[in-house]
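Structural overview for review
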Amino acid sequence: MLLAIDCGNTNTVFSIWDGEKFLCTLRTSTHHARTADAYFTWYSTLIKHYGIETDITDVIISSTVPRVVFNLRVFADRFFGCRPLVVGKPDCLLPVQARVDAGTAVGPDRLVNTAGAYDRHGGNKIVVDFGTATTFDVVDDDGAYVGGVIAPGVNLSLEALHMAAAALPHVDIAKPQAVIGTNTVACMQSGVFWGYVGLVKEICARIKAERDRDMQVIATGGLAALFQQSEILFDIFEDDLTMHGLTVIHRYNKENGTV
């Protein structure tokens, strides 16, 4: 039984995979000072609450926050007696190596999204992930990550607007009723919402033009469903793409004897 952990800048997600399906998904805020004991107290309390019987034998971690990896490693070793795979480390093999500039460190989340997208849908894809940053990952025909785009995340943009302009309030992202806002909140929501619709359409169009081919666009991340409501931006929506990618990478390492 596999515990897959995806640690992002804002939230950390734990999913339990029994080899065929995810039994549950747990979410907590990312905090670099959280100890292994604190992780286990939180984890075991929720597992007990949901009445899930688990016997974790393997752990895999993807983290965009390097400072949390040590405590997650201790968590896996102390409470499950296993040495976790950490995506991006030399001992964690990828099904297909990334093809980027020499010396470039590709974010583990982008490698995991690429593996998950290729396993489910094949190559020649663009993965748009709405997280703390909005990322565009280009998946080649053979499943290799070959580059992409990083833009500020939706909520990050709203927070920056609020912080930098004293007269502008903090607002939640939502699809506005009209493009032209008739109050401050509606104006801000329209600017961010329709601005990101335009950003996604333009960047995807330019990626396709640069590669001189049509490509399917896969959306994932918390706000992907909201933007899909506006118009057809994506061909495929995957709410668990990152977690699936972790299971793919773990399976590949199992098959190749590294775990």
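Residues numbered from 1 in each chain as written. Predicted model: local features only at pLDDT ≥ 70, side-chain atom pairs only at ≥ 80, totals over all residues. Heavy atoms only, no water.

Considering the packing of aromatic side chains
A full pass over the atoms with the stated rule returns 17 aromatic pairs. Here the aromatic rings of Phe14 and Phe75 are separated by 5.9 Å at their centres, their planes lie at 85 degrees, and the arrangement is edge-to-face. Residue Phe14 is found in strand S2 (residues 11-17), and its partner Phe75 is found in helix H2 (residues 69-80); the two are separated by 61 residues along the sequence. Each member of the pair, Phe14 together with Phe75, is buried. (Phe/Tyr/Trp six-rings, centres within 6.5 Å; stacked < 30°, edge-to-face > 60°. Helix = DSSP H or I, 4+ residues; strand = E, 2+ residues; numbered from the N terminus. Buried < 20%, exposed > 50% of the residue type's maximum accessible area, 1.4 Å probe, protein only.)

Section: the UniProt feature "binding site: substrate" (unreviewed entry) in the chain
Look at the UniProt record and you will see "binding site: substrate" (unreviewed entry) annotated at Gly107, Pro108, Asp109, Arg110 and Thr184. A maximum C-alpha distance of 38.0 Å among these annotated residues, which run over 78 residues, shows that they spread across the structure rather than meeting at one spot. Here Asp109 lies in helix H3 (residues 108-121). Asp109 sits in the buried class, given a relative accessible area of 18%. Each residue touching Asp109, except ones within four places of it in the same chain, is listed here: Ser62 and Thr64. Among the structural elements, Thr184 can be located in helix H5 (residues 184-211). By relative accessible area, Thr184 is classed as partly exposed at 40%. What Thr184 contacts, discounting residues up to four positions off in sequence, is Leu168 and Pro169. (UniProt positions renumbered as here; feature names shortened; annotations may be inferred. Contact = heavy atoms within 4.5 Å.)

Some words on the nonpolar core
Grouped together as the largest cluster of nonpolar side chains are 27 residues, with contacts concentrated most on Phe130, Phe227 and Phe234. Listed by contribution, the elements that provide at least two residues to this core are strand S6 (125-130), strand S7 (133-139), helix H4 (154-164), H5, strand S9 (216-221) and helix H6 (224-228). Here this core takes nine residues from H5, the largest share from any one element. Setting aside residues up to four positions removed in sequence, Phe130 forms contacts with Val154, Val200, Thr220, Gly221, Gly222, Leu223, Ala224, Phe227 and Phe234. The next biggest cluster of nonpolar side chains, apart from the first, holds 24 residues, and it includes Tyr39, Ile47, Phe75 and Phe80. (Core = buried A, V, L, I, M, F, W, Y, C linked by side-chain atoms within 4.5 Å.)

Focus on the sheet that holds strand S3 (residues 22-29)
One open sheet accounts for five strands, arranged S3-S2-S1-S4-S5; its pairing is mixed. The sheet terminates laterally at S3 and strand S5 (85-86), the two strands that pair on one side only. Relative to S5, strand S4 (residues 58-63) is paired through two bridges, and the arrangement is parallel. Across the sheet, the residue bridging to Ile60 is Leu85, located in S5. Most of the contacts of helix H1 (residues 36-50) go to S3, to which it runs at about 135 degrees, and overall it touches strand S1 (2-7), S2 and S3. (Pairing = 2+ DSSP bridges. Axes fitted to C-alpha atoms, helices over the stretch in contact; angles between N-to-C directions.)

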